[in-house]
Amino acid sequence: MCGIIGYTGPLDSKKILLNGLTQLEYRGYDSAGAALCMENSHICLVRRTGKVANLKETMERITDVSHCGLGHTRWATHGGVTTQNTHPHQAGKVTLVHNGIIENYHQLTEQFHLEAKLHSETDSEVAAWVLDSLYQGDPLEAITRLVALIKGSYSFCIMFEDYPGEIYAIRNVSPLVAAYTRSGSFVASDLTALIPYTRQYFVVPEDHIVRLTSYKVHLYNLQRHEEMPELMEVNWNMDAAMKNGFPHFMLKEIHEQPEALRNTILPRLSKGLPDFTDDQIPDDIFTSCSQIHIVACGTAMHAGMAARSMMEPLLRIPVTVSVASEFRYEEPLIGEDTLVIIISQSGETIDTLAAMRLAKNYGAAALSVVNVKGSTIARESDYTLYTHAGPEIAVASTKAYSVQLAALYMIGCRMALVRGKYSVPQATEFMKKLLNAIPAMESMIAQKDSIKALVTHLINKSDAFFIGRGLDYAFSLEGALKLKEISYIHAEAYAAGELKHGTIALITEEVPVIAIATQEKVFAKTISNIREVKARGAFVILITREDAVLDGGVADIHIRIPKIGDRFTVFPIAVVLQLIAYYASTGKDLDVDQPRNLAKSVTVE
Ligand code: M6R
């Protein structure tokens, strides 16, 4: 979604804004702009559709120096991808950038008679004009009056013509972090833009205003009383946000998975057993619940689907998985007896956040599995289990998925232990198997060239199917999503046994089928389903464990993963599916890390 960077200080703001916007490119966007406060207090506005490189080209022609400015990458919601709709927006004495959605912008347009003033189709420009109308010389007062009027989610960064060298920002739901350093003051939609300058930052609390001057950042509540920000330390370094010799972030992040798994699992092992004491997660949330409800979006939801298939037979309690955007508008059957597990890499996905708030209102305990430290979901959940994947920059989630799974598997194991479903030796054995998944992933990463070679059978196709049963079906869902989002090949995941109830009509020689058959219990059944598609001409890429015994002719290509416990095959399979999608995307010469129409962190509904 939209990226924001604001800077004021002794350095050249033009460079800082461009660097910041480049760091934020991974979030996904379709136009970029900047507002520079020049030395004569004039505001210079530069806006370009397309990549930050286009904006850079224009900004490099500006020779005058500026020490204060705002930058923005826009992911279009209200109005098409045009220069007029690109941020920043100017309205009288106000220049602003916005992330989020103003739901009552129509009503505000009428109330403030703005129709004739608007140059764009955006809700953001409406907010700029409303703010200008409310402004009577005191920015804090005008901003507090603005937030009393607008409905929706937002983070705004604002410059007022009368206050050159100062930046004001406010947030509600949409994320914002700020920092002050010897090199000036910064505000941004996420940390990656600040890391080159500081390791200390603070998350702007909701409904709080920050005022940046070149040497200090002030934090105010809506009563305009100053508060002390709660400073945090970044727990990763800049290297983690660089490609380090890899052609794409996605490939780098695929390679980082074994290390990410170790970082997530090992600190939580005590005598070979999962232990969440340091995470301050008490066992009674695991013993007191009579059902689990997992809520997430996209890849995180697929991690939840796999966890459900693992947990329910183990714990013998109902485990439900919901898509957050649906859950939040349902009347879920949850209450004080429910453990709600919220999964989110970014910790800012708006539907997931809203779903968690709803679950808490129902009295459920909310345990979040989150990657980004200090994110809203992490802060608002009752308990947080941080995954330690480091920053995930590619839009397609890879390492975040495998560490989410690792964390969920550890939760499942701990619950089985404290609920008496596992003895200590059984739980120890489970954790050993989980750790064995790490070398299994490494061995699949080492086979990336053979996976690259097989992708030639996919890249000129327009459709593909992923099939499997049980856990293999949960993995298929993620394989299909990965392929769709970065190679633009239409892919569907199907429970292998369900195909013949209609969808098999779509199987032809032109439709490759990626079949996953790693679950002993349903292996023979899945192989029968594969024969059904093979008989209809499909080109079959089959993934099994290395010890699987197959008759000839079942598959055109056979990928063997190491022999590990059935429950744990997801880890090496994730690598295979990610590499298939990656090479399909590079084979089509597409933008792997920033696929069209997508954003890394989905902060609007
Ligand atoms: O940050 P979150 O984990 O909450 O994000 C959820 C989804 O938006 C995300 O997993 C998305 O589906 C990925 N682009 C998939 O690769």
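Residues numbered from 1 in each chain as written. Predicted model: local features only at pLDDT ≥ 70, side-chain atom pairs only at ≥ 80, totals over all residues. Heavy atoms only, no water.

A short note on the overall build of the protein chain
Summing up its helical and strand segments, the protein chain has 18 helices and 27 strands in all. Scaling as 2.2 N^0.38, a compact globule of 605 residues should have a C-alpha radius of gyration of about 25 Å, and the protein chain matches this with 25 Å. For the protein chain, the spread of C-alpha atoms along the three principal axes comes to 80 × 55 × 45 Å. Evaluated residue by residue, the protein chain yields a buried proportion of 60% over its 605 residues. By sequence separation, contacts in the protein chain at least 24 residues apart represent 71% of the contacts at least 6 residues apart. In the structure as shown, the protein chain presents an accessible area of about 22,500 Å², 49% of it carried by carbon and sulfur atoms. Across the protein chain, the centroid of the 56 positively charged side chains sits 5 Å from that of the 68 negatively charged ones. (Helix = DSSP H or I, 4+ residues; strand = E, 2+ residues; numbered from the N terminus. Rg over C-alpha atoms; globule rule 2.2 N^0.38 Å. Buried < 20%, exposed > 50% of the residue type's maximum accessible area, 1.4 Å probe, protein only. Contact = heavy atoms within 4.5 Å. Areas by Shrake-Rupley, 256 points an atom, 1.4 Å probe, with all protein chains shown as cover. Lys, Arg positive; Asp, Glu negative; His and termini not counted. Charge placed at Lys NZ, Arg CZ, Asp CG, Glu CD.)

Details of the domain arrangement of the protein chain
Here the domain parsing of the protein chain yields domain 1 (3-234), domain 2 (243-444) and domain 3 (447-589). On a C-alpha basis, the centres of domain 1 and domain 3 stand 45 Å from each other. (Domains from an automatic or database assignment.)

What about the sheet that holds strand β23 (residues 463-468)?
The five strands lie next to each other as β24-β23-β25-β26-β27, forming an open sheet whose pairing is parallel. In this open sheet, the two strands that pair with only one neighbour each are β24 (490-495) and β27 (557-561). Taken pair by pair, the neighbouring strands of this sheet meet at an average axis angle of 15°, ignoring direction. Bridge analysis of strand β25 (residues 513-517) against strand β26 (residues 540-545) gives five bridges, and the strand direction is parallel. (Pairing = 2+ DSSP bridges. Axes fitted to C-alpha atoms, helices over the stretch in contact; angles between N-to-C directions.)

Details of the packing of helix α7 (residues 257-265) against helix α13 (residues 399-418)
Packed helices, taken two at a time, are described by their axes: the angle between them and the distance between them. With their axes 9 Å apart at the nearest point, α7 and α13 run at an angle of 30° to one another. Of the possible angle classes, the one that applies to α7 and α13 is roughly parallel. As for the relative orientation of α7 and α13, their crossing is right-handed in sense. Judged by residue contacts, Gln257, Ala260, Leu261, Thr264 and Ile265 of α7 engage Lys399, Ser402, Val403, Ala406 and Met410 from α13. (Parallel < 35°, antiparallel > 145°, perpendicular 65-115°, else oblique. Left-handed = near helix turned anticlockwise from the far one by under 90°.)

Examining the site of the ligand
Lining the immediate environment of the ligand, one finds 13 residues, of which Ser344, Gln345, Ser346, Thr349 and Glu485 sit closest. One of the side-chain nitrogen or oxygen atoms of lysine 482 is found 2.9 Å away from an oxygen atom of the ligand. Interatomic distance of 2.3 Å between a side-chain N/O atom of glutamate 485 and an oxygen atom of the ligand. For the ligand, the protein covers 91% of the area, taking 410 Å² as the surface of the free molecule. Among the residues forming the shell around the ligand, the class breakdown is four nonpolar, seven polar and two charged. (Near = heavy atom within 4 Å. Polar contact = N/O pair within 3.5 Å; in protein donor to acceptor, adjacent residues only side chain to side chain. Nonpolar A, V, L, I, M, F, W, Y, C, P; charged D, E, K, R; others polar.)

Quick word on the side chain of histidine 72
Within the element layout of this structure, histidine 72 appears in strand β4 (residues 66-74). A distance of 3.5 Å separates polar atoms of two side chains, one belonging to histidine 72 and the other to histidine 87. A distance of 2.7 Å separates the side chain of histidine 72 from the backbone oxygen of histidine 98, its partner in a polar contact. Among all residues touching histidine 72, those that are not within four sequence positions of it are Cys2, Gly3, Ile4, Leu21, Ser31, Ala32, Gly33, His87, Val97 and His98.

What to know about the nonpolar core
Counting 103 residues, the largest nonpolar core has Ile341, Tyr409, Ile411 and Phe571 as the members making the most contacts within it. With near-sequence residues (within four places) excluded, tyrosine 409 lies in contact with Met310, Phe430, Leu434, Leu471, Arg567, Phe568, Val570 and Phe571. (Core = buried A, V, L, I, M, F, W, Y, C linked by side-chain atoms within 4.5 Å.)

Brief notes about the UniProt feature "domain: SIS" (unreviewed entry) in the protein chain
Here the UniProt-annotated "domain: SIS" (unreviewed entry) positions come out as residues 281-421 and 454-595. Secondary structure over residues 281-421 splits into 45% helix and 20% strand, and the C-alpha atoms at its two ends are 19 Å apart. In residues 454-595, the share of helix is 34% and the share of strand is 20%. The end C-alpha atoms are 22 Å apart. (UniProt positions renumbered as here; feature names shortened; annotations may be inferred.)

A word on helix α5 (residues 139-149)
Here α5 lies mainly inside the structure; eight of its eleven residues are buried. Regarding α5, the residues found buried are Pro139, Leu140, Glu141, Ala142, Ile143, Thr144, Leu146 and Val147. If you follow the buried residues of α5, they end up packed against α4 (123-134), β7 (152-160), β8 (167-172), β12 (208-213) and β13 (216-221).

Details of the side chain of serine 189
Relative to the helices and strands, serine 189 resides in the loop between β10 (184-188) and β11 (200-203). Overall, the relative accessible area of 3% leaves serine 189 in the buried class. Setting aside anything within four residues of it in sequence, one finds serine 189 in contact with Cys2, Gly3, Ile4, Leu24, Arg27, Pro175 and Leu176.

Topic: α7
For α7, the set of buried residues is Gln257, Pro258, Ala260, Leu261, Thr264 and Ile265. Buried residues along α7 cover an arc of 160° about the axis, so they all sit on one side. Contacts from the buried residues of α7 go to α6 (249-255), β16 (269-270), α13, α14 (424-446) and α18 (570-587). (Arc of directions from axis to C-beta.)

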